[in-house]
Amino acid sequence: MAIFSNQATLTYSGGTTNSNVVTGEILDALSISKTAVGDTYRPGDTVSYVVSLVNSGAVTLSGITLTDDLGAYPFGMGTVTPLTYVDGSLLYYVNGVLQGTPTVNAGPPLSVSGISVPAGGNTTVVYSALLNEFAPIGAGGTVTNTVTATCTGLTEPTVAEETVNVVEEAVLSISKALSPTTVPENGVITYSFLISNTGNSEAVATDDVTVTDTFNPVLNDITVTLNGVTLTLGVDYTYDETTGVFQTTPGRITVPAATVTQDPATGAYTTLPGTVLLTVTGTV
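Residues numbered from 1 in each chain as written. Predicted model: local features only at pLDDT ≥ 70, side-chain atom pairs only at ≥ 80, totals over all residues. Heavy atoms only, no water.

Reading across from one edge, E19-E23-E22 is the order of the three strands in this open sheet, with antiparallel pairing throughout. Both outer strands of the open sheet, strand E19 (212-214) and strand E22 (237-239), are each paired with one neighbouring strand and no more. Within the sheet, the average angular offset between the axes of one strand and its neighbour, ignoring direction, is 10°. Pairing of E19 with strand E23 (residues 245-248), which is carried by three bridges, proceeds in the antiparallel orientation. By the bridge assignment, Asp213 is partnered in E23 with Phe246. (Pairing = 2+ DSSP bridges. Helix = DSSP H or I, 4+ residues; strand = E, 2+ residues; numbered from the N terminus. Axes fitted to C-alpha atoms, helices over the stretch in contact; angles between N-to-C directions.)

Following Gly107, the chain continues to Pro108 via a peptide bond in cis, the omega torsion being 10°. With respect to the helices, strands and loops of the structure, Pro108 is situated in the loop between strand E12 (103-105) and strand E13 (110-117). A cis amide bond links Pro108 with the next residue in sequence, Pro109, at an omega value of -5°. Tracing the sequence through the fold places Pro109 in the loop between E12 and E13. In this structure, Leu70 takes a positive phi of about 55° despite not being glycine.

Next up on the list: the pairing of strand E15 (residues 142-150). The side-chain alternation of E15 yields one buried face, formed by Val143, Asn145, Val147 and Ala149, and one unburied face, formed by Thr142, Thr144, Thr146, Thr148 and Thr150. Alignment of strand E6 (residues 61-68) against E15, held across four bridges, turns out to be antiparallel. Each residue of the ladder has a partner; that of Asp68, found in E15, is Val147. Inspection of the sheet shows E15 paired to strand E16 (residues 158-166) by eight bridges, in the antiparallel sense. (Buried < 20%, exposed > 50% of the residue type's maximum accessible area, 1.4 Å probe, protein only.)

Moving on to the nonpolar core. Grouped together as the largest cluster of nonpolar side chains are 34 residues, with contacts concentrated most on Ile64, Leu66 and Tyr127. Among all residues touching Tyr127, those that are not within four sequence positions of it are Lys34, Val47, Ser48, Tyr49, Val51, Asp68, Tyr85, Ser89, Leu90, Leu110 and Val147. (Core = buried A, V, L, I, M, F, W, Y, C linked by side-chain atoms within 4.5 Å. Contact = heavy atoms within 4.5 Å.)

Before going further, it helps to examine the layout of surface pockets. One number sums up the size of the largest pocket: a volume of about 240 Å³. What lines the largest pocket is a set of 18 residues, and nearest its centre among them are Pro43, Ile137, Thr198, Gly199 and Thr271. Classifying every residue of the lining of the largest pocket by side-chain character gives nine nonpolar, six polar and three charged. (1 Å grid on protein atoms, 1.4 Å probe; cavity = no way out; pocket = protein on both sides within 12 Å on 5 of 7 lines; lining within 4 Å. Points joined across faces, edges and corners; volume = space filled by probe spheres on them. Nonpolar A, V, L, I, M, F, W, Y, C, P; charged D, E, K, R; others polar.)

Scanning all chains against the criterion turns up five aromatic pairs. With a centroid separation of 6.2 Å and 40° between ring planes, the pair formed by Tyr49 and Tyr127 is classed as tilted. Note that Tyr49 is positioned in strand E5 (residues 46-55) and Tyr127 in strand E14 (residues 122-131), a separation of 78 residues in sequence. Each member of the pair Tyr49 and Tyr127 is classed as buried. Ring plane angle 50° and centroid distance 6.0 Å describe the contact between Phe215 and Tyr239, whose orientation is recorded as tilted. With Phe215 in the loop between E19 and strand E20 (220-226) and Tyr239 in strand E22, the pair connects residues that are 24 residues apart, well separated along the chain. Looking at Tyr239, the relative accessible area reads 15%, which means it is buried. Put simply, the rings of Tyr191, Phe215, Tyr237, Tyr239 and Phe246 touch in pairs and so form one group of aromatic residues. Over the aromatic face of Tyr49 sits the side chain of Lys34, whose NZ or CZ is 4.4 Å from the ring centroid. The ring of Tyr191 carries Lys176 above its face, with NZ or CZ at 4.5 Å from the centroid. (Phe/Tyr/Trp six-rings, centres within 6.5 Å; stacked < 30°, edge-to-face > 60°. Lys NZ or Arg CZ within 6 Å of the ring centre and 35° of its normal.)

In structure tokens, the structure reads:
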């Protein structure tokens, strides 16, 4: 939309007088919107975007170029870009009919040229982008990218943006170790369970984290620790010395969120998992 105004001047018999100022507006013939298919992301996800162009004018708009900044944001003395265009993913529709692929420059920024929107019609461009190492992955992280349409006949660029938010969750894994691996009869062994959280949220008591195992051979006179603190049978865990079935009490184990850092030189994000160590020691 462009606002314009003007004023007339009347001169007579050596005098001058001005008219009132009139103001009007020119409505943009082209409107644009951008929508992500899904408003959340996890590290390494691919997000699909739908860009819709509507021409309310009486003539076809051709030679349109779409430019997507792929979420670029300032970092240090430069810029980093958290989205990478997925090669070959772009689809181009005019009034719902699939067209040949226009000229695509992956960038960044992503550039798509040769787009047309018929008079009173619509054009849709769909494409996908990968969340790369520059996408914020800590709690509260977002990626906002902006698409701009330009062409001859438009009074000014037409702009739309979309924001996706990182999923805040715990992502747990467990690994098990035995020490020693060779033991005499009636010897003592220790099972160690390392629980790791690569997610950006803590696994809390209400997540009911539970470790279950069946020891074979059955362990006797077990001692259980969590991060070096001795746990209590019947309160923190249960154990059946007949069957060897061991289980921690649901919710007794919590696991801290991963530590997210952004490299001060490159801007890339990395995670250091949060961990807890559960040990079970007994005789065989």
